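So you can see what is in the structure, the chains are spelled out below.
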Amino acid sequence: MKCFTRARLWMAVGVVILAACSGDGGSDGASEDAGVVNVYSHRHYDTDQELFRRFTESTGIRVNVQTASADELITRLETEGADTRADLLVTVDAGRLQRAKVRGLLRAVSSETLQTNVPDHLRDPDGFWYGLTQRGRVIVYSKDRVSPEDLSTYEDLADPKWRGKILVRSSENIYNQSLLASIIAVHGDEKAERWAEGVVQNMARTPQGSDRDQVRDVAAGVGDIAIVNTYYLGLLFNGEDERDRALADKVGVFFPNQGDRGAHMNVSGAGVTAHSPNPENALRLLEFLTDTEAQTGYAEANYEYPVKPGIEWAETLTGWGEFRADTLNLSVLGELNARAVMVFDRAGWR
Amino acid sequence: MVVALTSLPLVVILFGVFGRGSPMWGHLVDTVLLVYVGNSAILMLGVGVLSLVIGLAPAWLVSAYDFPGRRTFEWALVLPLAIPTYIIAYTYAGVFEYDALLPSALSAVWPDMEVWRIRAAVMSREGAMVMMALVLYPYIYVIARASFLRQSSTVLEMARTLGRGPWDTFFRVALPMSRPAVAGGLTLVLMEVLNDYGAVKYFGIPTFTTGIFRAWFPLNDPIAAMRLSGILLLFVFTLIVFERLQRGRARFDDGARGYRPAVRRALGVRGRWLAASVCLLPLALGFLVPVAKLATWAGQAGSRALDVRFLGLILNSFSLALAAALIAVFGALLIGYAARLSPTPLLRLASRVSVLGYSIPGAVVAVGVFIPFVWMDRRLNAFMTAAFDAPTGLLLSGTLVALIFAYVVRFMAVALNPIEAGFKRLCGNLDDTSRSLGVPPLKTLWKVDLPLLRGTLISAALLVFVDVLKELPLTLILRPFNFDTLATRAFQLATDEQLARSAVPALLIILVGLVPVILLNKLIGGGGKGS
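Computed from a predicted structure; not experimentally measured.

What am I meant to see in the packing of aromatic side chains here?
A ring pair, where both rings are aromatic, is described by two values, the distance of the centres and the angle of the planes. Within the structure shown, the criterion is met by 23 aromatic pairs over all chains. Seen from their ring centres, Phe-318 of chain B and Phe-465 of chain B are 5.3 Å apart, and the 75° between their planes marks the pair as edge-to-face. With Phe-318 of chain B in helix 16 (residues 309–341) and Phe-465 of chain B in helix 21 (residues 441–470), this residue pair connects regions lying 147 residues apart in the sequence. Residues Tyr-407 of chain B and Phe-411 of chain B carry aromatic rings whose centres are separated by 6.4 Å and whose planes lie at 20° to one another, so their mutual orientation is stacked. Taken as a pair, Tyr-407 of chain B and Phe-411 of chain B lie in helix 19 (residues 400–425) at a separation of four residues, close to a single helical turn. Across this residue pair, the class does not change: Tyr-407 of chain B and Phe-411 of chain B are buried. Across from the ring centre of Tyr-231 of chain A, 4.5 Å away, lies the NZ or CZ of Arg-135 of chain A, which sits over that ring.

This is the structure in structure tokens:
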């Protein structure tokens, strides 16, 4: 009996050591080669894996990926300092890229391809990061209960006429934070706080759930309008669940502020790390991701707006029509992010 | 030594508290601090009470009585443990979606209750309370059941002979004797509540954990985040110390020599069905319903979601969990035994400190682990470069070594609590006898204590195993390049709001978790009857 347990224990230990060794070997060996680019990415989509595969196919450069939230990846980069193996940092909002830049974790790069592919307002003025895809923050309304003529601007959402009608998720969400940052950029902290208080007054219920839940709630009559990200809308209307696909008939999509600055946009983007061991490969990958093949891939499979002009949008996006987008340089959103969170706290937007 | 190693990350975190001034601290105190404290406290209270009720009742029933389905319930009641809190939160939001059967039926029963109100009630603080209790009660159930089974029949029968009814026997004898074990389980539940991030974030409930991340990242004030973590630790520490003080110097072994397990009593017809329903309810709500929902989702996603990569994911998850479980149990055994040999205040304090990691959000532990690892790698690199001109770079920090170490730091409490309780229940005389016969301490541990603790050790290892399987934020940050586990895959799809597709890895986590659950049941059940 005793021998049996002991033998089993050693066997287990053996398995573990074996597993640990094989895991280590794989990742260590890879970073020694020249033909490698290591990516820290917040984008955990299958589309991205597919694009990386195509990049490897055409260049021979292997792509290693570590996905986690950008906040955590930035902390990791900061701790690793000059010893980092990461070459490229990819996030899903401009705010985090700006934070990485301020902390000295990125380096400036530039090339003709990047200049032509990425419009001015969608990249860092000094070339520390470049946008890859865009997402709009739009208003979704119930086709039965709201006429689109009543909708106009983000500012209008604080008007008492919407009392008890607005659905929106919590202020933890980065896209709410960057929307408020864009309002601070135009109107200043005071007015922005007044606006946030007004929206809180108008909420149909305390913020909960995801962006998609807000859309389902509009269809179910919890509220009449919701503030939602276009990227989630695209995925929802093309989802596995036929009830979700049916939502597309019940709700309309409205792009606010068409008369002035345009609808609020954010980007997912990337920058080459300050201590990148393979900067040339990182630059090549960055160029690849902003170029026609990858941009088409993003637009088709992930319902994001391409940054490169002239790329065709996904059918769902085309259906919502052309619109005017806010061209405020996105680095401003990053600079104002902390102030936006404080305004949310003071306004009681939980 | 073990304590020093596992406490290192905590020290790193606490060090941050005394760093330079914190620009956001005043703002947090003025606006949201009380909200965090209130929500966290209410959640802890609610989940604590609920999981005591739904953990203890079935544990007592299956160990003291015989009724239809008892053998199945014995192991099946552990199953909800395999479901992470964030997954049950997403799943129940799905169960209560608009045109689903359940809310429509409820709405038909109460005509003035619209479906969206039911849904909003489910996705609230109170809803979160119930859901967390439904998947966390097994911590209490597993430990309490093991403890009830080991209570010798002598004491229980004595109570019955003395005219105590079944309720009295439970509340005056069985429960008090199991208090260290139950308290250990309850502490785990409460710590788990404190570190939950996924569920409260989805439901929009501001707690300490969400507050820590908010202060740390968007507000860009790590010192404020560390201070919040510090308060959290203080909270937990008070809890533990309070429990210890209250327990005082009492001993919980029964001193009985002829150890004989209690005989299960048969129940009357009504009692039988009542007992079976009490056991079925947590099992149904905590496991069957969510799994059924996940299975439906997985069916919708169909073959698109399943591919060969899952084999790799299963292997990764399984070997990581196994490694961490073995190391944690080994470390906990050393700490527990050291505390038993020389119960000095210092050592007792040390063993308390080493369990605090469990209450801290995984991401904070990860940073606490990462900083010393990078420091060590830098030293190693400098040494290797100087001595052999062979720079090693960051040798360990990006590898599984760091990850497994972090698991051990985080889940030490899960291993240590049952093991300490197990040692408490072991009659001290056995050790003394062995030692007085000239057997050295380590040999006593191996020959005398270990065989007696076998059931406890295995349940400790099981708990760690399942916890590692579910662990998310730590795994996300510390894993090497291109390394995925079932949990990271499930989470990536879930945050992407692709619930149907994330159901497949979520179900696999549960399936892989089942293997040790069934194994454990055989061992505990066998140990209870055999020895």
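On we go from here.
Would you explain the environment of Gly-38 of chain B in this entry?
Inspection of the secondary structure assignment puts Gly-38 of chain B in helix 3 (residues 33–64). For the pair Gly-38 of chain B and Pro-441 of chain B, spaced 403 residues apart in sequence, the C-alpha to C-alpha distance is 47 Å.

Is there a simple way to think about the interface of chain A and chain B in this case?
The interface is formed by 67 residues belonging to chain A together with 63 residues belonging to chain B. Ranking the residues of chain A by area buried against chain B places Glu-172, Glu-240 and Asp-345 of chain A at the top, with a combined share of 12%. In this structure, the connection of chain A to chain B is made through six salt bridges. Put simply, Asp-46 of chain A and Arg-489 of chain B hold a salt bridge, and the shortest N to O gap is 3.3 Å. Contributions of two or more residues to the side of chain A that touches chain B are made by helix 1 (2–32), strand 1 (36–41), strand 2 (62–67), helix 3 (70–80), helix 7 (211–220), helix 8 (230–237) and helix 13 (331–347) of chain A. The element best represented in the side of chain A that touches chain B is helix 1 of chain A, accounting for 11 residues.

Would you mind going over the domain arrangement of chain A with me for this structure?
Interface size is commonly expressed as the accessible surface area that is lost when the partners come together. Residue and element names in this part refer to chain A. Domain parsing of chain A yields domain 1 (35–134 + 267–312) and domain 2 (135–264 + 322–347). Its C-alpha centre places domain 1 at a distance of 27 Å from the equivalent point of domain 2. Facing 24 residues of domain 1, the contacting portion of domain 2 comprises 20 residues. Together, the buried faces of domain 1 and domain 2 total about 1600 Å²; carbon and sulfur atoms form 59% of this surface. The largest share of the area that domain 1 buries against domain 2 comes from His-121, Tyr-303 and Tyr-305, three residues that together contribute 38% of it. The interface formed by domain 1 and domain 2 holds one salt bridge in total. At the junction of domain 1 with domain 2, the criterion picks out seven residue pairs in polar contact (both at pLDDT 80 or more).

About the thresholds
- Residues numbered from 1 in each chain as written.
- Chains lettered and ligands numbered in written order.
- Predicted model: local features only at pLDDT ≥ 70, side-chain atom pairs only at ≥ 80, totals over all residues.
- Heavy atoms only, no water.
- Phe/Tyr/Trp six-rings, centres within 6.5 Å; stacked < 30°, edge-to-face > 60°.
- Helix = DSSP H or I, 4+ residues; strand = E, 2+ residues; numbered from the N terminus.
- Buried < 20%, exposed > 50% of the residue type's maximum accessible area, 1.4 Å probe, protein only.
- Lys NZ or Arg CZ within 6 Å of the ring centre and 35° of its normal.
- Contact = heavy atoms within 4.5 Å.
- Buried area = accessible area lost by both parts, 1.4 Å probe.
- Salt bridge = Lys/Arg side-chain N within 4 Å of Asp/Glu carboxyl O.
- Domains from an automatic or database assignment.
- Polar contact = N/O pair within 3.5 Å; in protein donor to acceptor, adjacent residues only side chain to side chain.

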